[in-house]
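# A look at the structure
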Amino acid sequence: MSDADSIPASRTHLKVVYPPDELTKQNWLQIARVYWRMARLIGSALRTRNVTLAQFEIMAILNATQGISQQELAGHLLVTKGNVCTVISRMQESGLINRIPDPADGRAKQLFLTQTGRNLFGRVAPLVHGAVEEIFANLNLGQQQELQQLLDQLECGLMQKGLPASAIGTDADS
């Protein structure tokens, strides 16, 4: 057995102290790495039910807000608007959602979860919640509250720069 094999798993991740001029870049990279690892863990849980993360996001939004437009939905998602069209079409073909013409705007469509979509959401939501609980089990309540405050500060700073949450998946992806 090598020295690396004898190190407990909790000690294999070394704490690195970055110089001040590198800290913001390293924090950004770490946020990106944590996000992608979280997305992979949640995606893995969803794959057991043949659901993608984008499909889950759409079901969660429509479960809370039936009848929104495709444009409104795209503003809430972490995918590009082009991807939204593709995912919605596949979900409609699978019988998970319905697109109904908007009575106020004939060009727009309102989106609704079907009963099949609601049933699937009811089965996969606990998987996602379990994965999220597993992820955050590494932090105690105080740490989670501190993280929330720091993330709020970052988000507020971005919003003050004119980058609202509805801008997700638009400019940077085109």
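Residue numbers here run from 1 along each chain, matching the order of that chain's written sequence. At least 70 in pLDDT is required for a residue's local features to be given in this predicted model, at least 80 for side-chain atom pairs to be given and counted, and no such filter applies to totals for whole chains, interfaces and linings, which use all residues. By convention in this description, side-chain values take in all heavy atoms of the structure and omit both hydrogens and water.

## Some words on the packing of aromatic side chains
The criterion for an aromatic pair is that two Phe, Tyr or Trp rings (for Trp, the six-membered ring) have centres within 6.5 Å, with stacked assigned to planes under 30 degrees apart, edge-to-face to planes over 60 apart and tilted to the rest. Per the stated rule, a full pass over the model turns up two aromatic pairs. Centroid distance Tyr-35 to Trp-36: 4.8 Å. Interplanar angle 75°. Geometry classified as edge-to-face. Arranged with centres 5.5 Å apart and planes meeting at 25°, the rings of Phe-56 and Phe-121 form a pair that is stacked. With Phe-56 in helix H3 (residues 53-64) and Phe-121 in helix H6 (residues 115-136), this pair connects stretches of sequence that are 65 residues apart. Residue class for Phe-56 comes out buried when judged on its relative accessible area of 10%. The helix and strand labels rest on DSSP assignments: H or I over at least four residues marks a helix, E over at least two residues marks a strand, and numbering proceeds from the N terminus. The classification of residues rests on relative accessible area computed with a 1.4 Å probe and restricted to protein chains. Under 20% of the type maximum is buried, over 50% is exposed, and intermediate values are partly exposed.

## A short note on the packing of H3 against H6
When two helices pack together, their arrangement is given by the angle between their axes and by how far apart the axes lie. To define axes, lines are fitted to C-alpha atoms, for helices over the stretch in contact only, and angles between the resulting N-to-C directions are given on a 0 to 180 degree scale. Two numbers describe how H3 lies on H6: the axes approach to 10 Å, and their chain directions differ by 110°. When the axis of H3 is compared with that of H6, the two are roughly perpendicular. H6 is crossed by H3, and the crossing has left-handed handedness. Contacts between H3 and H6 involve Phe-56, Met-59, Ala-60 and Asn-63 on the former and, on the latter, Gly-117, Arg-118, Leu-120, Phe-121, Val-124, Ala-125 and Val-128. Each residue gets one label: Ala, Val, Leu, Ile, Met, Phe, Trp, Tyr, Cys and Pro are nonpolar, Asp, Glu, Lys and Arg are charged, and the others, such as Gly, are polar. Tallied by class, the residues present in the contact of H3 with H6 amount to eight nonpolar, two polar and one charged. Angle categories: roughly parallel below 35 degrees, roughly antiparallel above 145, roughly perpendicular from 65 to 115, and oblique for all the rest. By the definition used in this description, the sense in which the near helix is turned from the far one sets the handedness, with an anticlockwise turn below a right angle giving left-handed and a clockwise turn giving right-handed. By definition, residues are in contact when any of their heavy atoms lie within 4.5 Å.

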